[in-house]
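Spelled out, the chains give:
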Amino acid sequence: MNKEAITKHGLRNSPEYQSWKAMIQRCTNPKAQGYEYYGGRGITVCSPWLNSFEEFYADMGLRPSNGYSIDR
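Now for a look at the structure at hand. Bear in mind the structure is a predicted one, so any value in this text is a computation, not a measurement.

**What to know about the overall build of the protein chain**
Summing up its helical and strand segments, the protein chain has four helices and zero strands in all. Shown N-terminal to C-terminal, the secondary structure of the protein chain runs as helices and strands in the order α-α-α-α. Across the 72 residues in the protein chain, those meeting the buried criterion constitute 25%. Considering only contacts within the protein chain whose residues lie at least 6 apart along the sequence, 51% involve residues at least 24 apart. Approximately 5200 Å² of the protein chain is accessible, and the part contributed by carbon and sulfur atoms is 48%.

**Here's the deal with the layout of surface pockets**
Roughly 170 Å³ of volume is contained in the largest pocket. Considering the residues around the largest pocket, the lining is formed by P15, E16, S19, F56, M60, G61, L62, R63, P64, Y68, S69 and I70. For the lining of the largest pocket, the secondary structure elements donating two or more residues are α2 (15-28) and α4 (53-60). When residues of the lining of the largest pocket are assigned to their parent elements, the largest contribution, three residues, is made by α2.

**A short note on the packing of aromatic side chains**
Two aromatic rings, taken as a pair, are described by how far apart their centres are and by the angle between their planes. Summed over the entire model, instances satisfying the criterion amount to six aromatic pairs. With centroids separated by 6.2 Å and ring planes inclined at 40 degrees, the aromatic side chains of F53 and F56 adopt a geometry described as tilted. Of the two residues, F53 and F56 are both situated in helix α4; the distance of three residues between them amounts to about one turn of the helix. The same class applies to F53 as to F56, namely buried. Clustering of aromatic rings is evident, with ring pairs tying together Y17, W20, W49, F53, F56 and Y57. Here R26 stacks its cationic end above the ring of Y38, 4.9 Å away from the centre of that ring.

What counts as what
- Along every chain, residues carry numbers that run from 1 in the direction the sequence is written.
- Totals for whole chains, interfaces and linings use every residue, but because this is a predicted model, local features are given only for residues with pLDDT of at least 70 and side-chain atom pairs only at 80 or more, for both listing and counting.
- Hydrogens and water molecules were not included; the side-chain quantities draw on all heavy atoms of the structure.
- Secondary structure counts use DSSP, requiring at least four H or I residues in a row for a helix and at least two E residues in a row for a strand, with both numbered from the N terminus.
- Burial status follows relative accessibility: with a 1.4 Å probe on protein chains alone, a residue under 20% of its type maximum counts as buried, one over 50% as exposed, and anything between as partly exposed.
- Note on contacts: a residue pair is in contact if any heavy atoms of the two residues lie within 4.5 Å.
- Throughout, the Shrake-Rupley method with a 1.4 Å probe supplies accessible areas, and for residues the shown protein chains are the sole cover considered.
- The rule is simple: put a 1 Å grid over the protein atoms alone, call a set of points where a 1.4 Å probe fits but cannot get out a cavity, call an open set with protein on both sides within 12 Å along at least five of seven lines a pocket, and count a residue as lining if it has an atom within 4 Å of a point.
- Grid points are joined across faces, edges and corners, and a volume is the space filled by probe spheres set on the points.
- Centre distance within 6.5 Å is the pairing criterion for rings of Phe, Tyr and Trp, where only the six-membered ring of Trp is used; planes under 30 degrees apart are then read as stacked, over 60 as edge-to-face, and the remainder as tilted.
- Lysine NZ or arginine CZ positioned within 6 Å of the ring centre and within 35 degrees of the ring normal marks a charge as sitting over the ring.

Printed below as a string of structure tokens:
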């Protein structure tokens, strides 16, 4: 993903973007914290979400509160 794609939505510092970024790391990066519980166990991210924060955000929207998180 190029830098323009990362910043064009203006949500780079939002909790939603941070959750998306962490989810991608857990599922794709063997060096990421928690990888052994996600990517290491075969858990993947669907192509639209893997390739686009905008797709993820369109499906999930705003996080209702800090008490919520993404789970399998």
